[in-house]
Amino acid sequence: MTESARDTGPGATGFAAQFDPGAGRLTLAGHCPMASAPVLARELARVRTAAPAALQVDLSAAGGFDIGPAWLLHGAVADLRAAGSRVDLHGPEPRHFAYFGELQAQGGDALPAEPGGTFATWLADLGRRLATHVRNSYEALVFGGRLLASAGTVWRSVKRLRIPSVVRHMHETGVQAIPIVAVIAFLISVISAYIGAQQLRPYGAEIFTVDLVALGVLRELGVLLTAIMVAGRTGSAYAAELGVMKLNDEVDALESMGLNPYEVLVLPRVVALVLVLPLLTVVADAMGLAGGALLTSYLIDLPWPQFVMRLDSAVADTTFWAGLVKAPVFGLLIALTGTLRGLQVRESSRELGRLTTVAVVQSIFLVIFADALFAIFFLEIDF
Amino acid sequence: MAAPPLIVVRDVVNSFGPQVVHDGVSFDVNAGEIFGIVGGSGSGKSVLLKTLLGLRRPDSGTVEVEGRDITGMDDSELRAVKRRYGVTFQHGALFSSLTVADNIALPIVEAMDLDEAALSRLVELRLRMVGLPLDSAAKFPAQLSGGMVKRVALARALALDPAILFLDEPTAGLDPIAASAFDELVLYLRGTLGLTIVMVTHDLDTLARTCDRVAVLVDRKVILDTLEGIVANEHPWIRHYFHGARGRAAIALQEGGDGT
């Protein structure tokens, strides 16, 4: 085992390190720049595993060392000596060794240990997570309270509602979302009409495809898909916008001017989304019915006038409203989640990414959860 | 100064469309010196720094680093030159998703194949070199003060034992105590390691305390001299810069306290 490690990488410097375990001798030759540190580190690792009782380090053929490799050599020598080995350096010692003496006098003894998998660290981790949850719930409570308070002041004097800001957000979250919402609603009703017609045909009940599409779109699919789309589009945008403002201290700047960030930033966004989501739902409903009409005329040869007549008998007066009343609630949930998560961003861009994701996932979850509650509620009151 | 200069800049011209930023800039940076670059806003300090770093090719002229012209190099040659550089950015530019230790280890891990033990030893060395407590290694950049961020940035810049260190506004945003500690650190590293340091700075105290020579960017050219020479220069902008109230105070302090 006397093969020598020679630096042959790009920009090779001809540095060579060779450890001879039999003789307890480490021979270093040539100039050792930082690029040759791996060569040195490998030989030093061999020395460490061999743990010789005595080591001769031959530096007589060695050139200059960069600080990095010199430090590795210095550390290895110190470790061996601490373990009780005799280490002798022959030849000029690297010029940085004197500097290392000064360095070690400062800064503490060792790098902090990697957290291990002990019970104590597990418990500490659990505690930290619990504390984070408690703090998050507390913040959500404060958020809700401050938002209600500013909503109260705005209620008393509508002048304080920032109309231009509300309009801008309605444009961004509503008008600009129309194409995608329309396309999604159209496609989903095409899908349900197609599946429905196929399933109902064996019973000769194709005509009920109209009922299926109309009830499905108006009661559930139109509003739900719109809300999910808006959660992805706007929930993330709200969280990211407010998060960046938080990181730039813009929120603090507002407060230092005596402005209430909940009134300036949060409320217009919430109001805008609560207003916009029902409007988008109407668009989605219309497009959904159009898709249904198109597909039924194609699949079961039902002409337009008959589709409308069938629709009239299938749909109760309340069907449309049963879908639409859910829209403002969904809008509120999405807007609150997005703005809350945005305001929770602090410290770093990593937080921003994490909380934006959290905002989208939670708002979609909340929308679906609320929809389930609505379904039970409507069933109970026979709406 | 018998050794050949480390960086030789000759007749560099940089322009953005019709706007000429540098019109024939020439200077040398000698090995082992601390070289300051000064200039008003928009005078092209950052453009000059980018040109030296090889991030921007000048319209004409040459930049030689250790005797080799980097303006005509292809990417792989340029990468080899950049290995010889350590750079810190004005706002630290630490990677916010990595701990301090991982930030410092990143250039080492990317450049070479080292075992964990050696890697953590090298991280420890860099932390010690910039005077940071070792227990800061596990922290994230967001948990550090401004002064510590600058030190971690310096530790990362030193990770591969560069021959040349570029510091962009190293003391901007630091309180005077932290700034002067940073100055001392820079001087100490130059003294013990013989590093060559090029710094862009607006901090007159830093300029007076650390820089051997100062290049002033005015009128699309460079005026290069020792600090005393620059201070004595009659150019109106330079007079204004160094003989304004702040400049006089910094230089007076320096001359009074430079008896060491």
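Residues numbered from 1 in each chain as written. Chains lettered and ligands numbered in written order. Predicted model: local features only at pLDDT ≥ 70, side-chain atom pairs only at ≥ 80, totals over all residues.

For chain B, the helix and strand inventory stands at 10 helices and 10 strands. Taken over 260 residues, chain B has a buried fraction of 42%. Residue pairs at least 24 apart in sequence account for 66% of intrachain contacts in chain B once pairs closer than 6 positions are excluded. (Helix = DSSP H or I, 4+ residues; strand = E, 2+ residues; numbered from the N terminus. Buried ≥ 20, exposed ≤ 12 C-beta atoms within 10 Å, placed from the backbone. Contact = placed C-beta atoms within 7 Å.)

We now examine the overall build of chain A. A tally of helices and strands in chain A yields 13 helices and 6 strands. Burial analysis of chain A (383 residues in total) assigns 36% to the buried set. Considering only residue pairs separated by 6 or more positions, chain A has 81% of its internal contacts joining residues 24 or more positions apart.

In this structure, R201(A) sits in the loop between helix 6 (178–200) and helix 7 (208–247). The spacing of R201(A) and I300(A) is 99 residues in sequence and 9.1 Å in space, taken between C-alpha atoms.

Once that is clear, we can look at the interface of chain A and chain B. Tallying the contact residues gives 26 residues for chain A and 30 residues for chain B. Of all elements in the fold, only helix 1 (37–50), helix 2 (67–82), helix 3 (97–104) and helix 13 (349–381) of chain A reach the threshold of two or more residues within the side of chain A that touches chain B. Per-class residue counts for the side of chain A that touches chain B are 15 nonpolar, 8 polar and 3 charged. (Nonpolar A, V, L, I, M, F, W, Y, C, P; charged D, E, K, R; others polar.)

This paragraph deals with unusual backbone geometry. Of note in this structure, D301(A) is not a glycine but carries a positive phi near 50°. Mapping D301(A) onto the fold places it in the loop between helix 9 (261–299) and helix 10 (304–314). Take D301(A): there are 9 C-beta atoms within 10 Å of it, and that puts it in the exposed class. The backbone of D161(B) shows a phi angle near 50°, a positive value even though the residue is not glycine. Relative to the elements of secondary structure, D161(B) occurs in the loop between helix 5 (146–157) and strand 7 (164–168). Exposure remark for D161(B): the 24 C-beta atoms within 10 Å place this residue in the buried category.

Let us look at the sheet that holds strand 4 (residues 60–65) of chain B. All names here are of chain B. Read from one edge to the other, the open sheet built from 4 strands follows the order 2-1-4-5, with strand pairing classed as antiparallel. The open sheet is flanked by strand 2 (19–29) and strand 5 (68–69), the only strands paired with a single partner. As paired elements, strand 4 and strand 5 share 2 bridges and run antiparallel to each other. Within strand 5, the position partnered with V65 by the bridge is R68. (Pairing = 2+ DSSP bridges.)

Attention shifts here to the pairing of strand 2 (residues 16–20) of chain A. The side chains of a regular strand alternate, first on one face of the sheet and then on the other. All names here are of chain A. Here 5 bridges tie strand 2 to strand 3 (residues 25–32), and the two strands are oriented antiparallel to one another. Directly across from A16, in strand 3, lies its bridge partner A29. The antiparallel hairpin formed by strand 2 and strand 3 contains 4 residues in its connecting segment, where G24 sits at a positive phi of about 60°.

Turning our eyes to something else, we now look at the pairing of strand 4 (residues 54–58) of chain A. Residues and elements named next belong to chain A. By the alternation rule, side chains of strand 4 split into L55 and V57, which are all buried, and A54, Q56 and D58, of which none is buried. Direction of pairing for strand 3 relative to strand 4: parallel, over a ladder of 3 bridges. Within strand 4, the position partnered with R25 by the bridge is Q56. Summarising the sheet, strand 4 and strand 6 (residues 86–90) pair through 5 bridges and their orientation is parallel. Opposite D58, over in strand 6, you have H90 as the bridge partner.

All we've got here are geometric facts, nothing functional implied.
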